[in-house]
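Coordinate inspection notes
Residue strings, one per chain:
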Amino acid sequence: MNGAGVGDSNQPQIRIRSLDKNSVDFVLSNTQLSVANSLRRTMIAEVPTMAIDLVQFMENTSVLADEFLAHRLGLVPLVSHNVDQFKYTRDCTCAEYCKDCSVEFTLHVKCTEPGTRAVYSSELISSNKDVVPVSDDESRGIILLKLRKGQEINLHCVAKKGVAKEHAKWSPCAAVGFEYDPHNNLRHLAYWYEKSIKEEWPLSKNAEEEKEADPDAPFDFKAEPTTFYFNVETVGSLDPQQVVLTATRVLQEKLVALQLALEEDQNPGAGTNMDDAEPWV
Amino acid sequence: MNAPERHEMFTLPEGVRKIELLKDSKMANCIQFNIQREDHTIANILRYKLLQHPQVLFAAYRMPHPLEYYVELKVQTTSRTTPVDVMKEAIESLMLEYGNIRSAFDNELLRVDASGGDLGRRGAGFGAFGSLDPGNAEFGVAGDMGGRGPRNDDVDIDF
């Protein structure tokens, strides 16, 4: 660090409380609210994944309209562990889409038996073995539509890389739980109640981690939150730990872009050379 | 029909500068940074970091309009430094902080993995970010998140 003062000694700490296939529960401490909130916002909206973006219908004699099905297909989560290998289509050199920026899927099902034929997301045939619809080993994925005898569906999809800022279908997170100050010691919340706050607002399990402030002590109006409870739940496209790690990287990339822009502003022409950029570690 | 394309909120158009610096004619040592294609995520952390700096007298941001994808960040400092310099310090400090968060998280993953049992890991899908297995062959491939040990010098973003 070249300067004194800007929070030099900030050494955030992390404690993972539980980790499984689709969620990670962790405590982030020794940092500020704005940093914790930026991490939350980035995990929800700016971690890239793959999702179906274009659908071409060759045949659709099902009861569902084309655009209705296209929207559904867009929302199907795709395994995106290799999303880093893809370019954004807008950055790609190809005219429309190509294998460097997209994955193609086909779906062709006709119901020939009497009765109902359910079509599952696992029946989408991918052009890339690493990018396939999310499904557990024992399940067939998500039901996309149902066909009766004689009905047919034949379509072609293109999945692209994107972020949830553009459309929520690209979000790797189903939900991100975020809490701080479970006892409301900082009085950031004004609870509405009829008779008793304590009875009407039960404490979350995070309350066990912190002490309640002495009700007789004078209120510390300078106190700030430093401990944040996260519960990152994914849709299956990325591992939860991957979501957290990618979010920190995305934030750093944004900051690097700002740093380069500032350098460029001060001595035009020089900042474009990476060697001139100041190292940040 | 007239709606702007959604990707316009994060792709910088050709010929537009990422940061525009405007001097404030009424306040000494004050600069307004107009940051293109960023939102509360970046502006709020910068504002917060700047306010912690002892030489900063004023730091605040606003998003003038939800369909104009930029933020205005105004910074005033004492005469001992300049708004641009404290801004650079704030950016560096934040980059370090996110690097620290990442290595702390990576270390926690190793600890959780070592403890095994209920906090078990998923077999597939760690590849792109380095496996939790120390000494895995994929360690250090492009896109590796770094942060494998108790060190902070491993921020290896490739541009």
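Residues numbered from 1 in each chain as written. Chains lettered and ligands numbered in written order. Predicted model: local features only at pLDDT ≥ 70, side-chain atom pairs only at ≥ 80, totals over all residues.

1. Here we look at the sheet that holds strand β1 (residues 19–23) of chain B
By definition, the strands of a sheet pair up through backbone hydrogen bonds, in either a parallel or an antiparallel sense. Residues and elements named next belong to chain B. Ordered in space as β1-β2-β4-β3, the four strands form an open sheet in which the pairing is antiparallel. Whereas interior strands pair on both sides, the edge strands pair on one side only; in this sheet they are β1 and β3 (56–62). Sheet twist, expressed as the average angle between the axes of neighbouring strands with direction ignored, equals 20°. Of the pairings in the sheet, the one linking strand β2 (residues 30–36) to strand β4 (residues 70–77) comprises seven bridges and is antiparallel in character. (Pairing = 2+ DSSP bridges. Helix = DSSP H or I, 4+ residues; strand = E, 2+ residues; numbered from the N terminus. Axes fitted to C-alpha atoms, helices over the stretch in contact; angles between N-to-C directions.)

2. Considerations on the domain arrangement of chain A
All names here are of chain A. Taken domain by domain, chain A holds domain 1 (13–46 + 173–181 + 225–276) and domain 2 (49–166). Between domain 1 and domain 2, the contact holds seven residues from the first and 10 residues from the second. Taken together, the residues of the side of domain 1 that touches domain 2 break down into four nonpolar, two polar and one charged. (Domains from an automatic or database assignment. Contact = placed C-beta atoms within 7 Å. Nonpolar A, V, L, I, M, F, W, Y, C, P; charged D, E, K, R; others polar.)

3. A few points about the sheet that holds strand β1 (residues 13–19) of chain A
Residue and element names in this part refer to chain A. Overall, antiparallel pairing links the four strands, which are arranged β1-β2-β10-β9 in an open sheet. Pairing within the sheet leaves two strands with one partner each, and these edge strands are β1 and β9 (173–180). Taken pair by pair, the neighbouring strands of this sheet meet at an average axis angle of 15°, ignoring direction. Judged from the six bridges that link them, β1 and strand β2 (residues 23–29) form a sheet pairing that is antiparallel. Bridged to Leu 19 within β2 is Val 24. Of the strands in this sheet, β1, β2, β9 and β10 (227–234) touch helix α4 (residues 240–266), which is tilted by about 125° from β10.

4. Section: unusual backbone geometry
If a residue is not glycine, its phi is most likely negative; likewise, a peptide bond is most likely trans. Phi angles above zero are rare outside glycine, and Asn30(A) is one such case at about 60°. Of note, the phi angle at Asn29(B) is positive, near 55°, even though the residue is not glycine. The topology assignment puts Asn29(B) in the loop between β1 and β2.

5. Notes on α4(A)
For an α-helix, the turn length of 3.6 residues means that residues three or four places apart are oriented alike. The end-to-end C-alpha distance of α4(A), which contains 27 residues, comes to 40 Å, matching closely the 39 Å that a straight helix rising 1.5 Å per residue would cover. Of all the 27 residues making up α4(A), 19 are buried; the element is thus mostly covered by neighbouring parts of the structure. (Expected span 1.5 Å × (residues − 1). Buried ≥ 20, exposed ≤ 12 C-beta atoms within 10 Å, placed from the backbone.)

6. Regarding the UniProt feature "domain: DNA-directed RNA polymerase RpoA/D/Rpb3-type" (unreviewed entry) in chain A
Here the UniProt feature "domain: DNA-directed RNA polymerase RpoA/D/Rpb3-type" (unreviewed entry) sits at residues 23–261 of chain A. Measuring from the first to the last C-alpha atom of residues 23–261 of chain A gives 36 Å, for a span that is 21% helix and 28% strand. (UniProt positions renumbered as here; feature names shortened; annotations may be inferred.)

7. Structural notes on the packing of α4(A) against helix α2 (residues 83–115) of chain B
Direction vectors running N to C along α4(A) and α2(B) enclose 160°, while the axes themselves pass 10 Å from each other. As the angle between them shows, α4(A) and α2(B) are arranged roughly antiparallel. As for how α4(A) packs across α2(B), the hand of that crossing is left-handed. Touching Gln241(A), Val244(A), Leu245(A), Thr248(A), Leu251(A), Gln252(A), Leu255(A), Leu258(A), Gln259(A) and Leu262(A) of α4(A) are Val84(B), Met87(B), Lys88(B), Ile91(B), Leu94(B), Met95(B), Tyr98(B), Gly99(B), Ile101(B), Arg102(B), Phe105(B) and Leu109(B), all from α2(B). Classifying every residue of the contact of α4(A) with α2(B) gives 15 nonpolar, five polar and two charged. (Parallel < 35°, antiparallel > 145°, perpendicular 65-115°, else oblique. Left-handed = near helix turned anticlockwise from the far one by under 90°.)

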